[in-house]
Amino acid sequence: MTQQLIERATLLFEQKRFKEAQNGIMEVLATEPENIQCLILLVEIKIEKDEFDEALKIVDNAIGIQPDYDVLYYIKSRVLVNLEKTNEALSCINEAIRLDPYDADNHAFLGFIYNQKKQFEDALASANEALSIDGAHVFALNVRSTALLKLNRKNESFETIEGALYENPNNAFTHANYGWGLLEKGNSDKALMHFRESLKNDPNFEYAQSGMAEALKSKYLIYKWFLKYSFWISNQTSKNQWVFIIVFYFGTKFLRSLANSNTALSPFLMPIIVLLTLFAFSTWVITPLVNLLFRLNKYGKHLLTKQEIKSSNSVGVSVIVLIIGLLTMFFDDTIGASIAIFGFTMMLPLSNQFQKPRFFFFGYTLLMMVLGFGAVFLVVKDGELFNGISMLYLVSFIAYQWIANYFIINRNY
């Protein structure tokens with residue numbers, strides 16, 4: 001009877017009828033609370049439902065029951081990756097490999113984590129190890145393809161992922177992964193073809209949905225160039241990203257200082273400084289701004305997540321505030337300038353308010369909004385653009401960029 005219930009729950013899970021599958025599992029666990037097969041299936045359901053904290057509790061309980069079962073550490077590693085606890089995930093998958101060094105799944109997932117940590121040589125080695133155990137391992141082929149692409153071994157990368165498609169031509173992940181690789185190399189048309197194929201096999205696959213959205217948005221020339229920059233910077237190590245940011249920041253400051261002290265060079269340097277400043281700011285806000293435009297696309301409104309829509313709406317409001325401020329300057333320079341600065345600068349935190357860790361990004365956005373309203377109120381009241389709150393607001397704006405970069409860059413380290 002127990003096995004029949006488990007088999008039925010497994011079938012329901014495969015059919016994505018998660019609620020019914022969970023009910024069947026709970027029925028078994030009511031009499032057999034230490035049934036590892038049921039606990040594993042319950043974790044898989046929680047993963048599918050994005051209930052990762054609950055999944056972690058369940059898998060930890062299972063490990064307490066059977067601490068020498070490598071599959072449990074493999075599953076826990078997957079949960080931790082979704083919780084963005086990459087280093088803990090790495091420890092878990094290494095424990096899985098220690099318990100069973102001949103399981104291709106374990107080595108493939110180790111390679112996946114190394115790709116996330118941008119240790120692409122290590123990722124390639126792990127994928128090759130998995131393929132030495134199982135030469136037709138589709139996930140390992142995907143991991144190998146990604147590592148090769150990031151190592152700029154383009155031909156080998158696409159040969160590898162073609163091999164994954166040969167093994168399973170209907171694999172949604174492989175098609176989506178192929179699409180992202182093609183998108184990174186600038187072939188958005190062929191990328192779209194693979195994203196469509198991925199969604200044909202799994203209509204709710206977010207990895208493919210976001211890829212299709214990026215491929216469609218890359219039709220806008222300015223976003224296409226931004227996407228190239230995004231791929232380039234995201235492929236850099238944490239150290240190299242910080243080097244780029246620091247050199248860019250102090251390089252711009254040096255040019256500004258040089259322009260101020262040398263009137264002959266100023267006409268040539270100022271356009272460069274303005275372009276660099278606009279570029280730096282645009283890297284924060286271009287995505288929600290393009291999302292706002294993208295919603296006019298017949299496919300766009302279906303591909304954006306709820307958070308992306310809310311973020312684009314918020315940035316759109318900031319743009320309206322900026323425009324109101326610029327128009328107000330025709331009647332009152334000081335008040336108009338304060339409103340315009342508030343609208344312009346709030347685009348940055350509002351564009352990232354739903355990023356993780358939420359306590360920082362959302363909380364800091366609220367803090368800046370309160371300070372911004374307070375600063376504008378004092379400008380209207382006293383007629384002074386620079387007051388205590390406005391200075392505090394500008395300091396918080398500058399600080400935000402450095403702290404936000406810290407969280408974003410170190411997310412997978």
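Now for a description of the structure that goes with this document. (Residues numbered from 1 in each chain as written. Predicted model: local features only at pLDDT ≥ 70, side-chain atom pairs only at ≥ 80, totals over all residues. Heavy atoms only, no water.)

With that settled, the discussion passes to the overall build of the chain. Helix and strand content of the chain: 21 helices and zero strands. Split into buried and exposed, the 413 residues of the chain put 47% on the buried side. Counting every atom, the chain has about 21,400 Å² of accessible surface; 61% of that belongs to carbon and sulfur. If you average the places of the 37 positive and of the 40 negative side-chain charges in the chain, the two averages end up 9 Å apart. (Helix = DSSP H or I, 4+ residues; strand = E, 2+ residues; numbered from the N terminus. Buried < 20%, exposed > 50% of the residue type's maximum accessible area, 1.4 Å probe, protein only. Areas by Shrake-Rupley, 256 points an atom, 1.4 Å probe, with all protein chains shown as cover. Lys, Arg positive; Asp, Glu negative; His and termini not counted. Charge placed at Lys NZ, Arg CZ, Asp CG, Glu CD.)

Attention now moves to the packing of aromatic side chains. Enumeration according to the criterion identifies 33 aromatic pairs in this entry. An angle of 85° between the planes, with centres 6.3 Å apart, marks the rings of Phe359 and Phe407 as edge-to-face. Here Phe359, found in helix 20 (residues 358-382), pairs with Phe407, found in helix 21 (residues 388-409); they are 48 residues apart in sequence, far enough to count as distant. The partly exposed category is assigned to Phe407, whose relative accessible area is 22%. One aromatic cluster is present, built from ring pairs that chain together Tyr74, Phe109, Phe112, Phe139, Phe173, Trp180, Phe195, Phe205, Tyr207 and Phe231. The ring of Phe294 is capped by Lys217, whose NZ or CZ atom sits 5.9 Å from the centre of that ring. Its end group placed over the ring of Phe362, Arg358 keeps NZ or CZ at 4.8 Å from the ring centre. (Phe/Tyr/Trp six-rings, centres within 6.5 Å; stacked < 30°, edge-to-face > 60°. Lys NZ or Arg CZ within 6 Å of the ring centre and 35° of its normal.)

This part takes up the pattern of salt bridges. All chains considered together, the criterion is met by 13 salt bridges. A salt bridge links Glu44 to Arg78; the shortest N-O distance between them is 2.8 Å. Highlighted residues: Glu44 in helix 3 (residues 36-48) and Arg78 in helix 5 (residues 70-82), separated in sequence by 34 residues. Notably, a salt bridge pairs Lys200 with Glu197, separated by 3.4 Å at the nearest N-O pair. Taken together, the residues Lys200 and Glu197, both in helix 12 (residues 188-201) and three residues apart, mark about one turn of the helix. Taking relative accessible area as the criterion, Lys200 reaches 60% and is therefore assigned exposed. Residues participating in the shared-partner salt-bridge network are Lys46, Lys49, Glu51 and Glu54. (Salt bridge = Lys/Arg side-chain N within 4 Å of Asp/Glu carboxyl O.)

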